[in-house]
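The lines below spell out each chain.
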Amino acid sequence: MSDAFLSHISDTLTQIDAEGLYKHERMITSPQGGEITVGDSQVINLCANNYLGLADHPALIEAAKGAMEPRGFGMASVRFICGTQDIHRALEQKLADFLNKDDAILFAACFDANGGLFEPLLGPEDAIVSDSLNHASIIDGVRLCKAKRYRYANNDMGDLEERLKQARNDGARHIMIATDGVFSMDGYLANLPEITRLAKDYEALVMVDDCHSTGFMGPRGAGTADHFGVDVDILTGTLGKALGGAIGGYIAGPQPVIDLLRQRARPYLFSNSLPPSIVAAGLEAIRLVEDGSDQRRQLFENAKYWRDGLERLGFDLLPGEHPIIPVMLGEAKLAQAMANRLFEEGVYVSGFFFPVVPRGQARIRTQMNAALTRDEMDRALAAFGKVGTELGIIS
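The shown structure was predicted, so the numbers you read here are calculated from the model rather than taken from an experiment.

Along the chain, Ile 105 turns up in strand S3 (residues 103-107). Placed 12 residues apart in sequence, Ile 105 and Gln 93 show a C-alpha to C-alpha distance of 8.7 Å. With sequence-adjacent residues up to four places away left out, Ile 105 is seen in contact with Glu 92, Gly 249, Tyr 250, Ile 251, Ile 258, Leu 261, Arg 262 and Tyr 268.

Attention shifts here to unusual backbone geometry. Here the amide bond leading from Phe 354 into Pro 355 is cis, since omega sits at 10°, within 30 degrees of zero. Here Pro 355 shows up in the loop between strand S14 (351-352) and strand S15 (362-367). Although it is not a glycine, Ala 76 adopts a positive phi angle of roughly 55°. Residue classification places Ala 76 among the exposed positions, given a relative accessible area of 70%. Despite not being glycine, Asn 155 shows a phi value in the positive range, around 55°.

Considering the arrangement of structural elements, one finds Arg 79 in helix H3 (residues 79-82). Residue Arg 79 is classed as buried on the basis of its relative accessible area of 8%. One polar contact links Arg 79 to Thr 84, side chain to side chain, over a distance of 2.7 Å. One polar contact links Arg 79 to Glu 92, side chain to side chain, over a distance of 2.9 Å.

Attention now goes to the packing of helix H13 (residues 294-313) against helix H15 (residues 374-390). Two elements in contact, H13 and H15, have axes whose closest approach is 10 Å; the angle formed by their N-to-C orientations is 25°. The pairing of H13 with H15 is recorded here as roughly parallel in orientation. In the packing of H13 onto H15, the handedness of the crossing is right-handed. In this structure, H13 uses Asn 302, Tyr 305, Trp 306, Gly 309, Leu 310 and Leu 313 to contact H15, whose residues at the interface are Arg 374, Met 377, Asp 378, Ala 380, Leu 381, Phe 384 and Gly 385.

Once that is clear, we can look at the pairing of strand S9 (residues 205-209). Counting buried residues in S9 gives 4 out of 5 residues, a clear majority hidden from the surface. Pairing geometry for strand S6 (residues 175-180) and S9, over 5 bridges, is parallel. The residue bridging Ile 177 from the neighbouring strand is Val 206, located in S9.

Conventions and cut-offs
Residues numbered from 1 in each chain as written. Predicted model: local features only at pLDDT ≥ 70, side-chain atom pairs only at ≥ 80, totals over all residues. Heavy atoms only, no water. Helix = DSSP H or I, 4+ residues; strand = E, 2+ residues; numbered from the N terminus. Contact = heavy atoms within 4.5 Å. Buried < 20%, exposed > 50% of the residue type's maximum accessible area, 1.4 Å probe, protein only. Polar contact = N/O pair within 3.5 Å; in protein donor to acceptor, adjacent residues only side chain to side chain. Axes fitted to C-alpha atoms, helices over the stretch in contact; angles between N-to-C directions. Parallel < 35°, antiparallel > 145°, perpendicular 65-115°, else oblique. Left-handed = near helix turned anticlockwise from the far one by under 90°. Pairing = 2+ DSSP bridges.

Everything listed is a geometric property; what it means functionally is a separate question.
Below is the structure:
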């Protein structure tokens, strides 16, 4: 590799650091949980996607252990060659039943699921109408597809209707609306009642990425469609957040759609099957969600308590009902400084800034989970109050 190329890369990294945009990783030496060990420090964790506190749940750990002896450590193959075990199909069928769909198909991650969804289903004669704040995986998946692309302003139903009209006027054969169920940087919910109404009016399909809602939103914990009491055509999601926090993604939908994806979705055809331990733990996670609502109730009680506490301290919050509660700060360097000072006070959070969010909208994205105790939240609120005052964010 040439010195000139490496020098160019080093200059880019220096510029990223100078702008306060460099991302640092801390080493965790304990299981994921409400409190974790980072180096020699015990800290309260407010930035994991561990919504239901299942990442270290004994039942999931036992399920994972119990799968390895009879089924092995890994599959060493893709699904259609020799990578499908009975539990892979069991998990797919369990997900489909849980989400009220015909069938489901597993991927290594939801990034792969979204990356592999559009290209097999839609061609140059078709159109995708995508929310402007959709996750990067949806954006990349749409780029891989030859369908015409239209983008509407975030959750703006008037703009969505204009783009649907435009797609119809341009002669689109099939139209798919693509949206996140929850916009993860803000904690906002997609307006699925209106989206599904417009989809019916314009004979469009609706695809929803429900990564930040499966397991806890809605009366059954089945996601944003369950929350709003509407039906959507295709759901994508993950096992890597509320459902245990490991890895693994899925697409759930009508049988012909899932059947075609098994034949042509490239991330499915060319990636190793999920390990048996992950699949077994995923089955157990869904069982825990289906068997009770205590964790879901605790999650939303914690979210309300935390939001109320931050508001009393005077922080600028985005409104919402989701357990994602962003603290708005504006500048990247301020978000970095606050995250570092909070860590010194025993609270683990991360600053979010460009390119993850637009310039000038840097924030600390706090996330609640059901495993946090009232004492932990009170200690975290005290730390936020102290650091926010020190940095001049609140008075």
